[in-house]
Structures are given as structure tokens and as C-alpha cells.
Amino acid sequence: MIQNTAPALAPTAPWVVVKFGGTSVSTRPRWENIRRIAAAHRARGRRVLIVVSALSGITDKLKAIAESQRDDTLCADLRAEIVARHEAMLRELEASSRIALDKWIAELDRLIADPRRRASEVAWQAEVFALGELMSSTLGAAFLAEVGADVL
């Protein structure tokens, strides 16, 4: 891990929120751009809150799971696609650990097995949809912690 080289900020430093959509978080070069943007704000004395969407295409797959009800084969296929996409991103980002991502994959498995899926309960659907952002932000946070020391 790289040492934190960002200047210390006063407790009263202003915040800036930067939001990136699915296409903007779907490749390593785009995450490097996010790091540069955050670093520029940090260099100007601002605290930075990065908000990200799910990786491109993942929300549609999660939506299909949320609508699958009794179609176990469809869920298994969608799960495999979601996991493969995030594992590919993990490799592209050259992350040193996949433990945090595995937590969200286990949560996806739990939700797919949850009996609430059969009735497409709204609270259950909300948990399913949240996984897209949770997984992409987990990957991004790991990347920035490893190579984005000037934004921490």
C-alpha cells in the first residue's frame, strides 16, 4: 500500500461530492481518472466524497434477478455473469485482496436463496439493487487505497 501523501486537512475543511455513473467506474483508466479528480479537489483543501453507480450493465442483471421469482436457472446464470464481471474488474484493478468483494457475493447468494424472492418483496428487491453500488464502491475503495494515496 502507498503511504498517504495528501496534505492534512483542517476539521472544518469543506466537502465536495463527486458522482460517477456505471460507465465511469467500469475500467481501470476510468478509476485512475476518478483518482486524479479527487486528488485535485483534495489538493485545493477539500474533503472528497466519491459516490459511484454499479458497474455498467450490472443494475440490469440485478433487476432481472429481482423479477425472476421462481426461475432458479435464470438467477444462477445472472449471478455467474455478475460475479465474472466483478472478478474481471478486480483483476483489472490489480487488487491485492478479494475479501470485501467476496462478502458482497455471499450476500448476493443469500438474497437469491431468500424466500422473499418468490414474491418479489419490495424490501428484498431494494437489498438486491443495492448490491451493484456496494460491489463497485468496494472495488473502487480498494483501488484508491492501494494507488490513490493523494486522495485519502
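Residues numbered from 1 in each chain as written. Predicted model: local features only at pLDDT ≥ 70, side-chain atom pairs only at ≥ 80, totals over all residues. Heavy atoms only, no water.

Moving on: the side chain of His41. Relative to the elements of secondary structure, His41 occurs in helix 1 (residues 28-43). Here His41 falls in the buried class, since its relative accessible area comes to 13%. With near-sequence residues (within four places) excluded, His41 lies in contact with Val16, Val18, Arg46 and Val48. (Helix = DSSP H or I, 4+ residues; strand = E, 2+ residues; numbered from the N terminus. Buried < 20%, exposed > 50% of the residue type's maximum accessible area, 1.4 Å probe, protein only. Contact = heavy atoms within 4.5 Å.)

Right, let's get into helix 2 (residues 58-66). Considered for burial, the residues of helix 2 that qualify are Ile58, Leu62, Ile65 and Ala66. On an axial view of helix 2, the arc spanned by its buried residues comes to 100 degrees, and they lie on one face. (Arc of directions from axis to C-beta.)

Let's shift gears to unusual backbone geometry. Of note, the phi angle at Gln69 is positive, near 45 degrees, even though the residue is not glycine. Assignment of secondary structure puts Gln69 in the loop between helix 2 and helix 3 (72-92). Here the phi dihedral of Ser120 falls at roughly 50 degrees; this positive angle occurs in a residue that is not glycine. Structurally, the position occupied by Ser120 is in the loop between helix 4 (99-113) and helix 5 (122-147). Here Ser120 falls in the buried class, since its relative accessible area comes to 14%.

The subject of this paragraph is the environment of Met135. Looking at the element boundaries, Met135 is found in helix 5. Once the C-alpha coordinates of Met135 and Ile58 are considered, the two residues, 77 residues apart in sequence, prove to be 9.9 Å apart. Dropping the residues within four chain positions of it, Met135 is found in contact with Ile82, His86, Leu101, Trp104 and Ile105.

Another aspect to go through is the packing of helix 4 against helix 5. One way to put it is that helix 4 packs onto helix 5 with a least axis distance of 10 Å and a crossing angle of 165 degrees. By the angle between their directions, the pair helix 4 and helix 5 is classed as roughly antiparallel. The way helix 4 lies across helix 5 gives a crossing that is left-handed. Facing helix 4, whose interface residues are Ala100, Leu101, Trp104, Ile105, Glu107, Leu108, Arg110 and Leu111, helix 5 presents Trp124, Glu127, Val128, Leu131, Leu134, Met135, Thr138 and Leu139. The residue makeup of the contact of helix 4 with helix 5, split by class, is 12 nonpolar, one polar and three charged. (Axes fitted to C-alpha atoms, helices over the stretch in contact; angles between N-to-C directions. Parallel < 35°, antiparallel > 145°, perpendicular 65-115°, else oblique. Left-handed = near helix turned anticlockwise from the far one by under 90°. Nonpolar A, V, L, I, M, F, W, Y, C, P; charged D, E, K, R; others polar.)

Another point: the pattern of salt bridges. Two side chains bearing opposite charge may form a pair once their charged atoms approach each other closely. Per the counting criterion, the structure on display carries 14 salt bridges. A salt bridge links Lys61 to Glu81, with the shortest nitrogen-to-oxygen separation between them at 2.9 Å. Placement of the pair is Lys61 in helix 2 and Glu81 in helix 3, with a sequence separation of 20 residues. Taking the relative accessible area as the measure of exposure, Glu81 reaches 37% and is therefore partly exposed. A salt bridge links Asp114 to Arg116; the shortest N-O distance between them is 2.9 Å. Using a relative accessible area of 11% as the deciding quantity, one classes Asp114 as buried. Salt bridges here are not isolated pairs; linked through shared partners, they connect Glu107, Arg110, Asp114, Arg116 and Glu127. (Salt bridge = Lys/Arg side-chain N within 4 Å of Asp/Glu carboxyl O.)

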